[in-house]
Amino acid sequence: MVCLHGLFDTWRVWELVLPRLERRRDVLALTLPGHAGGPPLGDEADAGALANELERAMDRLGWPTAHLVGNSLGGYLALELAVRGRAESVVALAPAGGWAPDDDSYRELLRFQLTLYEQSRRAAPHAEAILSTLQGRRRATDLITVNYEHIPAELLAHQLIGMAACAGAEALIEQGLGDRWSLDAERIACPVRVIWGTADRLLAWPGAAARYREWLPHADWVVLDDVGHCPQLDVPLETAELILGFGPD
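Each value, and the rule that gives it
- Residues numbered from 1 in each chain as written.
- Predicted model: local features only at pLDDT ≥ 70, side-chain atom pairs only at ≥ 80, totals over all residues.
- Heavy atoms only, no water.
- Phe/Tyr/Trp six-rings, centres within 6.5 Å; stacked < 30°, edge-to-face > 60°.
- Helix = DSSP H or I, 4+ residues; strand = E, 2+ residues; numbered from the N terminus.
- Buried < 20%, exposed > 50% of the residue type's maximum accessible area, 1.4 Å probe, protein only.
- Axes fitted to C-alpha atoms, helices over the stretch in contact; angles between N-to-C directions.
- Parallel < 35°, antiparallel > 145°, perpendicular 65-115°, else oblique.
- Contact = heavy atoms within 4.5 Å.
- 1 Å grid on protein atoms, 1.4 Å probe; cavity = no way out; pocket = protein on both sides within 12 Å on 5 of 7 lines; lining within 4 Å.
- Points joined across faces, edges and corners; volume = space filled by probe spheres on them.
- Nonpolar A, V, L, I, M, F, W, Y, C, P; charged D, E, K, R; others polar.
- Expected span 1.5 Å × (residues − 1).
- Pairing = 2+ DSSP bridges.

Draft legend 1. Inspection of the packing of aromatic side chains at higher detail. Per the stated rule, a full pass over the model turns up 7 aromatic pairs. Taking the centre distance of 6.5 Å and the plane angle of 10 degrees together, the rings of W196 and W221 count as stacked. Here W196 is found in strand β5 (residues 192–197), whereas its partner W221 is found in strand β6 (residues 220–224), with 25 residues between them in sequence. Relative accessible area serves as the criterion here: at 0%, W196 is assigned to the buried category.

Dropping the structure here:
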């Protein structure tokens, strides 16, 4: 199983679900190129280049295919790898890139994410102090989860520092503003489950899922009430079961 995180994150965004996943699967939770702890982004800052690097990572492990799990940007990449025939199954949590063709709200979101990145760079030196309080942890998770009290402060500090150290952030956002992603979904032959929280404040349900509902008419759709953008942080036990309970063994 390969777990793919979203923009700004690191592999540790899967930390709360990994113990359960690892009981059933060999799991690779990696950090994407251009992100803190990941390989350099390279000359091309687009989703295709990220998918190429992910294929190379799977090749190094000798995994021609894998069960793929992705959140946000990682959800789109998991589906792109499925197009390339590298997936046994896909579980995509609020995958990015699903806005309707006439919906330009993605541009506003990407500009907002650039603002968040700039704020994170100012906040990162004070991460431990900010996240030592309940109020600080609420502010740090407000855009990605509804439930946050169970998330360790140390993990949130790591994510904040990692966001600030996301060297590829500006290039990836600039590329996203210039090119609307597409998906050759007809080439996906494996089972697909899409999970979306109704309280997602970054990729709001159902608008941000419009194209996926057209692209993936035969997917298994799971809508989680009062769950935010990162179900693996928000409701980790439920998310782990939704991942493990789908696709071939």
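Draft legend 2. Geometry of the packing of helix α4 (residues 105–123) against helix α8 (residues 169–178). For the pair α4 and α8, the least separation of the axes is 10 Å and the interaxial angle reads 170 degrees. In terms of axis orientation, α4 runs roughly antiparallel to α8. Where α4 approaches α8, its residues Y106, R107, L110, R111, Q113, L114 and Y117 are matched on the opposing element by A169, E170, I173, G176 and L177.

Draft legend 3. How the structure looks around empty space enclosed by the protein. Overall, the coordinates contain 2 cavities of 30 Å³ or more when judged by the stated rule. Estimated volume of the largest cavity: approximately 320 Å³. What lines the largest cavity is a set of 25 residues, among which A96, W99, L110, Q113 and W181 lie closest to the centre. Looking at the lining of the largest cavity, the elements with two or more residues in it are α2 (47–61), α4 and α8. One number sums up the size of the second largest cavity: a volume of about 40 Å³. Lining the second largest cavity we find M1, R25, H67, L68, V69, S89, V91, I243 and F246. Secondary structure elements with two or more residues in the lining of the second largest cavity: β3 (66–71) and β4 (87–93). By residue class, the composition of the lining of the second largest cavity is 6 nonpolar, 2 polar and 1 charged.

Draft legend 4. Spotlight on α2. Taking 1.5 Å per residue, 15 residues should reach 21 Å; α2 reaches 21 Å between its end C-alpha atoms and fits that length. Residues of α2 that are buried: A47, A49, L50, A51, E53, L54, E55, A57 and M58. Close packing links the buried residues of α2 with β1 (2–4), β3, α3 (73–83) and α8. Looking one or two residues past α2, G62 carries a phi angle of roughly 75 degrees, positive in sign.

Draft legend 5. How the structure looks around the layout of surface pockets. Here the largest pocket is characterised by a volume of approximately 800 Å³. If you trace the largest pocket, you find 30 residues lining it, with L116, R139, A140, L160 and M163 closest to the centre. Put simply, the parts of the chain that give the lining of the largest pocket at least two residues each are α4, α6 (134–141) and α7 (153–164). Broken down by element, the lining of the largest pocket gets its largest block of residues, 6 residues, from α4.

Draft legend 6. Inspection of the sheet that holds β6 at higher detail. Strand order across the open sheet formed by 6 strands is β2-β1-β3-β4-β5-β6, with parallel pairing between neighbours. Strands with a single pairing partner mark the edges of an open sheet, and in this sheet they are β2 (28–29) and β6. Here β4 pairs with β5 via 4 bridges, running parallel. Within the sheet, the bridge partner assigned to L93 lies in β5 and is I195.

This is a description of form; function is not addressed.
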